[in-house]
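# Summary of structural features
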Amino acid sequence: MNVLFKQALAGLRPDEVRFILANQPSADSHEDKTQTFVHEQPPNTGDDQDEDGRRRRHIEREWPEVGTLLSAEYFGVSYGAEIIPAAKRLKSGKQIRITSGAANGVVCDSFSEAMLIATDDQRTKENLARKGVSNGWVFWQWPGKPENIAGDDQEEP
């Protein structure tokens, strides 16, 4: 593997790395090596349906600046995270690195993913399932956070 390829893999989740490595053309293949593989998704209309057929509304939110420290408390345990520049191509150009607990150092692509991963150890040990962790934008706090970050139709707890 070349250095650029290794650097690109470093910013991916393990399942993404396994997919890429499993679908990488073999060295003796005559395929065009310049071909770019892109996971295509239908355009986001802002009104999607999940696997259960329920309507989901996409809410545009502005991420905090790179370097912003995030904090949260979940059933008496404090969590921390930091906004970092994205190591891969993301719409926001930013990712979240968890800075506390069992998930210290894990890099996530979304506020909800960071919330779930940061609290996973506690939720497992205390048998909490997903109790109280439904919206990462509500869960994480930071200086200068807008009042109604959850969306027009949701209230913060």
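Our structure's up above, just so we're on the same page.
Our subject in this report is the structure included herewith. Owing to the predicted nature of the structure, the values given are computational and were not obtained by experimental measurement. (Residues numbered from 1 in each chain as written. Predicted model: local features only at pLDDT ≥ 70, side-chain atom pairs only at ≥ 80, totals over all residues. Heavy atoms only, no water.)

### What to know about the overall build of the protein chain
Inclusion rule: Labels follow the DSSP assignment, with helices taken as runs of H or I lasting at least four residues and strands as runs of E lasting at least two, numbered in each case from the N terminus. For every residue, the accessible area obtained with a 1.4 Å probe (protein chains only) is divided by the maximum for its type, and the residue is called buried under 20%, exposed over 50%, and partly exposed between those limits. Any two residues whose heavy atoms approach within 4.5 Å at even a single point are treated as in contact. Here the open area of atoms and residues is found with the Shrake-Rupley method and a 1.4 Å probe, where only the protein chains shown may cover a residue.
Broken down by element type, the protein chain carries four helices and six strands. Across the 157 residues that make up the protein chain, the buried fraction comes to 30%. Excluding contacts between residues fewer than 6 apart, the proportion of contacts in the protein chain whose partners are at least 24 apart in sequence is 36%. Accessible area for the protein chain stands at about 11200 Å²; split by element, carbon and sulfur atoms hold 50% of it.

### Thoughts on helix α3 (residues 111-125)
Since the α-helix packs 3.6 residues into each turn, any two residues three or four apart lie on the same face. For the record, the criterion: Helices are assigned an expected span. That span is 1.5 Å times one less than the residue count. Bend angle per residue: angle between axes fitted to the 7 residues ending at that residue and the 7 residues starting there.
A rise of 1.5 Å per residue sets the reference length of α3, with its 15 residues, at 21 Å; its end C-alpha atoms lie 22 Å apart and thus fit the reference within 8%. By the largest-angle criterion, Thr119 marks the main kink of α3, which is about 50°. Buried within α3 are the following residues: Phe111, Glu113, Ala114, Met115, Ala118, Thr119, Gln122 and Arg123. Taken together, the buried residues of α3 touch β3 (69-74), β4 (77-85), β5 (94-98), β6 (107-108) and α4 (136-139). Where α3 terminates, the next one or two residues include Asn127, which has phi positive at roughly 55°.

### Some details on the pattern of salt bridges
Quick reminder of the rule: Between Lys or Arg on one side and Asp or Glu on the other, a salt bridge is scored when a side-chain nitrogen of the former is within 4 Å of a carboxyl oxygen of the latter.
Applying the stated criterion to the full structure yields four salt bridges. A salt bridge links Asp109 to Lys88, with the nearest nitrogen and oxygen atoms 2.9 Å apart. In this pair, Asp109 is assigned in the loop between β6 and α3 and Lys88 in the loop between β4 and β5, connecting sequence segments 21 residues apart. No difference in accessibility class separates Asp109 from Lys88, as the two residues are buried.

### Description of the sheet that holds β3
The criterion, for reference: At least two DSSP bridges between two strands are needed for those strands to be called paired.
The strand order β3-β4-β5-β6 describes an open sheet built from four strands, whose pairing is antiparallel. At either margin of the open sheet sits one strand with a lone partner, and together these are β3 and β6.

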